[in-house]
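The residues making up each chain are set out below.
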Amino acid sequence: MADARLQVIIEAVDRASAVINQVGATIQQHRSELMKAGAALSAFGALGAGALFLVTRAAQEQETSIRLLDQALRNAGTSYEDHRVAIEAVLEAQQRQTSFGDTQQREALQRLVVLTDSYAASLRALPVVLDLAAGLQLDLSTAATIVGKALSGNVATLQRYGIELEEGATRSQVLAEL
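What counts, and at which threshold
Residues numbered from 1 in each chain as written. Predicted model: local features only at pLDDT ≥ 70, side-chain atom pairs only at ≥ 80, totals over all residues. Heavy atoms only, no water. Helix = DSSP H or I, 4+ residues; strand = E, 2+ residues; numbered from the N terminus. Buried < 20%, exposed > 50% of the residue type's maximum accessible area, 1.4 Å probe, protein only. Contact = heavy atoms within 4.5 Å. Areas by Shrake-Rupley, 256 points an atom, 1.4 Å probe, with all protein chains shown as cover. Expected span 1.5 Å × (residues − 1). Polar contact = N/O pair within 3.5 Å; in protein donor to acceptor, adjacent residues only side chain to side chain. Axes fitted to C-alpha atoms, helices over the stretch in contact; angles between N-to-C directions. Parallel < 35°, antiparallel > 145°, perpendicular 65-115°, else oblique. Nonpolar A, V, L, I, M, F, W, Y, C, P; charged D, E, K, R; others polar. Salt bridge = Lys/Arg side-chain N within 4 Å of Asp/Glu carboxyl O. Bend = angle between axes of the 7 residues up to and from the residue.

Some remarks on the overall build of the protein chain
Argument step 1. Helix and strand counts for the protein chain come out as eight helices and zero strands.
Argument step 2. Put simply, the protein chain runs from its N terminus to its C terminus through helices and strands in the order α-α-α-α-α-α-α-α.
Argument step 3. A total of 178 residues make up the protein chain; the buried ones form 29% of that total.
Argument step 4. Look at the contacts in the protein chain between residues 6 or more apart in sequence, and 48% of them connect residues 24 or more apart.
Argument step 5. On the protein chain, roughly 11,500 Å² of surface is accessible, and the fraction owed to carbon and sulfur atoms is 56%.

Right, here's the structure in full:
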């Protein structure tokens, strides 16, 4: 009886060994393909991690731009929350027509509010800032500073860019001229 059991165990081990050896040979045969697949999966994982990092960073930049704009608006006597819908509608419309993203536009609007101390004038001026930046190939921050200073009565900066305005021009005149 013990011999029969031993015989069954030996036969099972022999058969299993043959199957295991066959699996091993198949793996060796397809080794390079498996390694390529592993590398591709690793690259895909790295791309996913990179994309997640970029999305997270963009969200943080957007949150920061909203916070800074809100602070500028509060200093001007209002708040981002009071005008969120109008601001975001303008940003969205301008984003469809220009190459400037909403975060960049919020930063430009924040600069305008700081320089003019006026939410309404700054929001009206934003499309002009975007056009000036594109037309003169300026970064948005520089264009916002130029327009903000002009709206605050300092039109001398515009002269450096070939735009002539009379001293004391009103905000409406500045925007109409630009």
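Some points on helix α6 (residues 140-151)
Argument step 1. With twelve residues, α6 should reach 16 Å at 1.5 Å per residue; the first-to-last C-alpha distance of 16 Å fits that figure.
Argument step 2. Burial of α6 is extensive: nine of the twelve residues sit out of reach of the surface.
Argument step 3. All of the buried residues along α6 are Leu 140, Ala 143, Ala 144, Thr 145, Ile 146, Val 147, Gly 148, Ala 150 and Leu 151.
Argument step 4. Where α6 begins, one side-chain oxygen reaches toward the backbone nitrogen of Ser 141, 3.2 Å away; that side chain belongs to Asp 139.

Focus: the packing of helix α3 (residues 80-97) against helix α5 (residues 119-136)
Argument step 1. Packing of α3 against α5 brings their axes to within 11 Å, and their N-to-C directions diverge by 10°. By the criterion of interaxial angle, the relationship of α3 to α5 is roughly parallel. Two secondary-structure elements touch here, α3 through His 83, Ala 86, Ile 87, Val 90, Leu 91 and Gln 94 and α5 through Tyr 119, Leu 123, Leu 126, Pro 127 and Leu 130.
Argument step 2. Looking at the contact of α3 with α5 residue by residue, the classes come out as nine nonpolar, two polar and no charged.

Comments concerning the pattern of salt bridges
Argument step 1. Throughout the structure, instances matching the rule amount to six salt bridges.
Argument step 2. In this structure, Arg 106 engages Glu 88 in a salt bridge whose closest nitrogen and oxygen atoms are separated by 3.0 Å. With Arg 106 in helix α4 (residues 102-116) and Glu 88 in helix α3, the pair connects residues that are 18 residues apart, well separated along the chain.
Argument step 3. Here Arg 106 falls in the buried class, since its relative accessible area comes to 0%.
Argument step 4. Taking the shortest distance from any N to any O, the salt bridge between Arg 96 and Glu 92 comes out at 3.3 Å. Here the residue Arg 96 and the residue Glu 92 both occupy positions in helix α3, the gap between them amounting to four residues, near one helical turn.

Thoughts on the environment of Glu 177
Argument step 1. Structurally, Glu 177 can be placed in helix α8 (residues 171-177).
Argument step 2. For Glu 177, a relative accessible area of 47% gives the class partly exposed.
Argument step 3. C-alpha of Glu 177 to C-alpha of Val 128: the two residues are 49 residues apart in sequence and 9.9 Å apart in space.
Argument step 4. Leaving out residues up to four positions away in the same chain, Glu 177 has contacts with Ile 163, Glu 164 and Leu 165.

Thoughts on α5
Argument step 1. The terminal C-alpha atoms of α5 lie 25 Å apart, and with 18 residues this matches the ideal 26 Å at 1.5 Å per residue to within 8%.
Argument step 2. For α5, the principal kink sits at Ala 125 and spans about 35°; a proline, Pro 127, occurs within the next four residues.
Argument step 3. Capping the start of α5 is the job of one residue whose side-chain oxygen sits 3.2 Å from the backbone nitrogen of Ala 121: Ser 118.
Argument step 4. Within two residues after α5, Gln 137 carries a phi angle of roughly 55°, on the positive side.

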